[in-house]
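Summary of the model geometry
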2 protein chains.
Amino acid sequence: MDAQKPDDDTPPHITSATLTDVARAAGVSPITVSRALNQPQLVRPGTLARIQAAVRATGYARNAAMAGPRTAAQGATKLVALILPTVANPIFADMVQAASDKLTERGYQLLLGLAGYELWREEILVETVLSRRPDGIILTGTLHSDNTRKHLRDAHIPVVETWDMTASPIDMLVGFSHEEVGHTVAARMLEKGYRRFAILTAADPRAARRNQGLQAALARQGVSVAATDVVPVPASLRLGREGCARLLAAHPDIELIVCSSDTLAQGALTEAASRGLPVPGQLAIMGFGDLNFAAHTFPPLSSVRVDGNAIGALAAQAMLRRLLPEPGAPAARKVIDTGFELIERGST
Amino acid sequence: MDAQKPDDDTPPHITSATLTDVARAAGVSPITVSRALNQPQLVRPGTLARIQAAVRATGYARNAAMAGPRTAAQGATKLVALILPTVANPIFADMVQAASDKLTERGYQLLLGLAGYELWREEILVETVLSRRPDGIILTGTLHSDNTRKHLRDAHIPVVETWDMTASPIDMLVGFSHEEVGHTVAARMLEKGYRRFAILTAADPRAARRNQGLQAALARQGVSVAATDVVPVPASLRLGREGCARLLAAHPDIELIVCSSDTLAQGALTEAASRGLPVPGQLAIMGFGDLNFAAHTFPPLSSVRVDGNAIGALAAQAMLRRLLPEPGAPAARKVIDTGFELIERGST
DNA sequence: CTGTTAGCGCCTTCAG
DNA sequence: CTGAAGGCGCTAACAG
């Protein structure tokens, strides 16, 4: 609508230059420019030079979207989508980092979708994301709406679910069993003599499954959880500290607080330290995640180690094995149980 | 390569269904399907229903890429690119989270590029990312290669640089001055009587600028930094702890360690605590970032507070003001200095 | 080596 | 309300 003052060299287009613009500027046909860009060895050096000059003069940038679906192998967009609840939790941030590194290395770009912890958000996110035709998609968890599952199946692309374990994955799966985490923690802590358990947890469905596992295993030994404090996502040190304070106020006799993340546990630890409560002597605290974190707090924190980096890397690798199948290499495994590890530090 | 057992309803295509496939299935022309999807009110309910059935039967999913450049307003891709060094640093993770929230809310999707701390990585990343024709791009820092700058200008899209301050931004800018952070820390710490300074820093160009600011301001008062320990990126609690140990070993008399991130500071704190060194009595430790972090460590950590969430949110808002200009609303500000705040806790 | 033709999937314009 | 043309930017296929 407004007047276009023509600059000297750069065209005043609001829209950026196209292949045809470059061709015109170089005095060749569009296809020649295309070749100069993609298969320079098929173009005479002289022409090539003129085209390269024209490219710079026009400020041309390739438009990957318009390359069409039949380009390269299988019309690849070189895009991989990664859907996860949040990136504020360092365990997920680690996963993004690892996945991004592996994928970028192979020329893929990352479409990131942060879905929060609500299913309907995931649903619309997956749908919009799929409309970009990513070559693959990595999801968090195994609980998806029916619509999401249908969209994923209809997309005919590799799907990797992560951070969980199920008997019926959509396609591939990289994760571990949260119930089992609960069982293991229960068994070990009972073995060490703890009886008065408290749970400090974020409102996260997978944390809930760990807590269920914990409570179920405890119940089998006739032990019940003395108190549970639920804090909203995203977890923070502040919430951990406050939650710990609440638990101690209501139940001064609890012996062990099982937290749904290291962030919460670290906050709880701070509260204990500020009260002069010996940890783990008087009050034991167990975290979850252990991003190289618990080993470097003081006093040391016990935790369930699960490696976000590893899950991200393995998920990306599984994806890449499908996307870029190498001749001799083995096919991608459908399911990888990354497991977890109980880390006990200090004398907890 | 393997045989395709034709299912009853879903076609065995490797490629997903197109508009034309749906049209065929519904017995209408492609354009009618297009309308049914985009302007349902222009299609008779009966036809609409048949088309919707066909959509589900064929498993059709919209292909946003092929919508062409002249669709919607200005051929928007509804994609915003976010380029940053890493997401392993929680300060950047916060930024991603905040930016993603704001952008998703307005129907934009996030193309994430993790460039590390090397310029050449940023350059190729920016170029590939621009080939997706994002509607806007958010960058970290103000130091870019000449090629990157040219590509950004040629893209004719809103650009927001973040996490830094300069007199000549490419377009918009949301950040603060790192030199000034150094000056402020120096001034305050001198004022409190500290003289034997040590620096524990990651190999990050912006941290380097803060350190230069610190050293310059100290030098003006005739004070020089006793020791500097540089650790590789990404920073970790472990590196912080080890760095602190090295500094103390080489210079037992240092009074204050200025760290380039809270992560390092927290690690240093752990080392001090494990040695029984009173903090800040015997050794003061200063962090950077303060993601609601320092307030909840024990002993409390002093830090320079810069809010990743705020920077992400403001950057996204600046972007959106350009992308979705509202009639009455004021235009996007070119430069936003988010500033920083010295947080002193305990008796540091 | 370079140009012509044709078509990707979708949508705009203009006719029915 | 529905359809037939035409074109977006790019690239395979075939000609020269």
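The name an unreviewed UniProt entry assigns to chain A is Transcriptional regulator, LacI family, from the organism Pseudoduganella namucuonensis.

Here two copies of a chain appear, and what relates them is a rotation about an axis with a shift along it. The transformation that overlays chain A on chain B combines an axial shift of 0.0 Å with a rotation of 180°, and the residual RMSD is 0.1 Å. The operation mapping one copy onto its partner corresponds to a two-fold rotation axis. Here 100% of the contact residues of chain A are again contact residues in chain B; the copies associate through an equivalent surface.

Between chain A and chain B, the contact holds 51 residues from the first and 52 residues from the second. Summed over both sides, the interface of chain A with chain B buries roughly 5,000 Å², with 55% coming from carbon and sulfur. Here chain A and chain B share zero salt bridges between them. Contributing elements (two or more residues each) for the side of chain A that touches chain B: α4 (90–105), β2 (109–114), α5 (119–130), α6 (146–155), α9 (237–250) and α10 (262–274) of chain A. In terms of residues, the side of chain A that touches chain B owes the most to one element, β2(A), which gives five residues. Tallied by class, the residues present in the side of chain A that touches chain B amount to 23 nonpolar, 19 polar and nine charged. Of the strand pairs in this sheet, β2(A) and strand β2 (residues 109–114) of chain B are connected by three bridges, and their pairing is antiparallel. Across the sheet, residue L112(A) finds its bridge partner in β2(B), namely L110(B).

Turning to the packing of aromatic side chains, a few remarks are in order. Under the defined criterion, the tally for this structure stands at eight aromatic pairs over all chains. Between the NZ or CZ atom of R121(A) and the centre of the ring of W120(A), over which it lies, the distance is 5.8 Å. One Lys or Arg, R210(B), reaches over the ring of F288(B) and ends 3.6 Å from the middle of that ring.

Moving on to the sheet that holds strand β11 (residues 335–337) of chain B. Read from one edge of the open sheet, twelve strands run β11(A)-β5(A)-β4(A)-β3(A)-β1(A)-β2(A)-β2(B)-β1(B)-β3(B)-β4(B)-β5(B)-β11(B), paired in mixed fashion. Each end of this open sheet is capped by a strand with a single partner; those strands are β11 (335–337) of chain A together with β11 of chain B. Each strand of the sheet is rotated relative to its neighbour by a mean of 20°, with strand direction disregarded. Inspection of the sheet shows strand β1 (residues 79–84) of chain B paired to β2(B) by six bridges, in the parallel sense. By the bridge assignment, V80(B) is partnered in β2(B) with L110(B).

Moving on to the side chain of N211(B). Inspection of the secondary structure assignment puts N211(B) in helix α8 (residues 205–220). Apart from the residues within four sequence positions on either side, N211(B) is in contact with I199(B) and T201(B).

Residues and elements named next belong to chain A. As summarised here, the arrangement of the six strands in space is β7-β6-β8-β9-β10-β12, forming an open sheet in which the pairing is mixed. Every other strand in the sheet has two partners, leaving β7 (227–231) and β12 (341–343) as the edge strands with one partner each. Taking each pair of neighbouring strands and ignoring which way they run, the sheet shows an average axis angle of 15°. As defined by bridge partners, strand β10 (residues 302–305) adjoins β12 across three bridges and the pair is classed as antiparallel. In the strand pairing of β12, R305 is matched with E341.

Turning our eyes to something else, we now look at helix α3 (residues 45–58) of chain B. Residues and elements named next belong to chain B. Over its 14 residues, α3 runs 20 Å from end to end, which matches the ideal 20 Å to within 8%, given 1.5 Å per residue. T47, L48, I51, A54, V55 and T58 are the residues of α3 that are buried. Along the long axis of α3, the arc covered by the buried residues comes to 125°, so they all point the same way. Exposed residues pointing more than 90 degrees away from the buried face of α3 are listed as P45 and R56. At its buried positions, α3 is contacted by α1 (19–26) and α2 (30–38). Once α3 ends, the next one or two residues include G59, with phi positive near 70°.

All names here are of chain A. Two elements in contact, helix α1 (residues 19–26) and helix α2 (residues 30–38), have axes whose closest approach is 8 Å; the angle formed by their N-to-C orientations is 100°. As summarised for this structure, α1 and α2 are arranged roughly perpendicular, according to the angle between their axes. Of α2, the residues touching α1 (which contributes L19, T20, V22 and A23) are P30, V33 and S34. Residue composition of the contact of α1 with α2, grouped by class: five nonpolar, two polar and no charged.

So, about the pairing of β7(A). Residue and element names in this part refer to chain A. Side chains A227, D229 and V231 project from β7 onto a buried face, and the interleaved T228 and V230 project onto a face without burial. Two strands pair when backbone bridges link them, and strand β6 (residues 197–202) and β7 are joined in this way by five bridges, in the parallel orientation. Looking at the pairing, L200 lines up with D229 of β7. Once you follow β6 into helix α8 (residues 205–220) and on to β7, the crossover reads as right-handed.

Turning our attention to the environment of T86(A). Tracing the sequence through the fold places T86(A) in the loop between β1 (79–84) and α4. By relative accessible area, which is 7% here, T86(A) ends up buried. T86(A) sits 27 residues away from G113(A) along the chain, and the two C-alpha atoms are 8.6 Å apart. In this structure T86(A) touches F92(A), L114(A), Y117(A) and Q97(B), once residues within four positions along its chain are discounted.

Reading guide: rules and limits
- Residues numbered from 1 in each chain as written.
- Chains lettered and ligands numbered in written order.
- Predicted model: local features only at pLDDT ≥ 70, side-chain atom pairs only at ≥ 80, totals over all residues.
- Heavy atoms only, no water.
- Least-squares fit on C-alpha atoms with pLDDT ≥ 70 in both.
- Contact = heavy atoms within 4.5 Å.
- Buried area = accessible area lost by both parts, 1.4 Å probe.
- Salt bridge = Lys/Arg side-chain N within 4 Å of Asp/Glu carboxyl O.
- Helix = DSSP H or I, 4+ residues; strand = E, 2+ residues; numbered from the N terminus.
- Nonpolar A, V, L, I, M, F, W, Y, C, P; charged D, E, K, R; others polar.
- Pairing = 2+ DSSP bridges.
- Phe/Tyr/Trp six-rings, centres within 6.5 Å; stacked < 30°, edge-to-face > 60°.
- Lys NZ or Arg CZ within 6 Å of the ring centre and 35° of its normal.
- Axes fitted to C-alpha atoms, helices over the stretch in contact; angles between N-to-C directions.
- Expected span 1.5 Å × (residues − 1).
- Buried < 20%, exposed > 50% of the residue type's maximum accessible area, 1.4 Å probe, protein only.
- Arc of directions from axis to C-beta.
- Parallel < 35°, antiparallel > 145°, perpendicular 65-115°, else oblique.
- Right-handed = clockwise from strand over helix to strand, strands pointing away.

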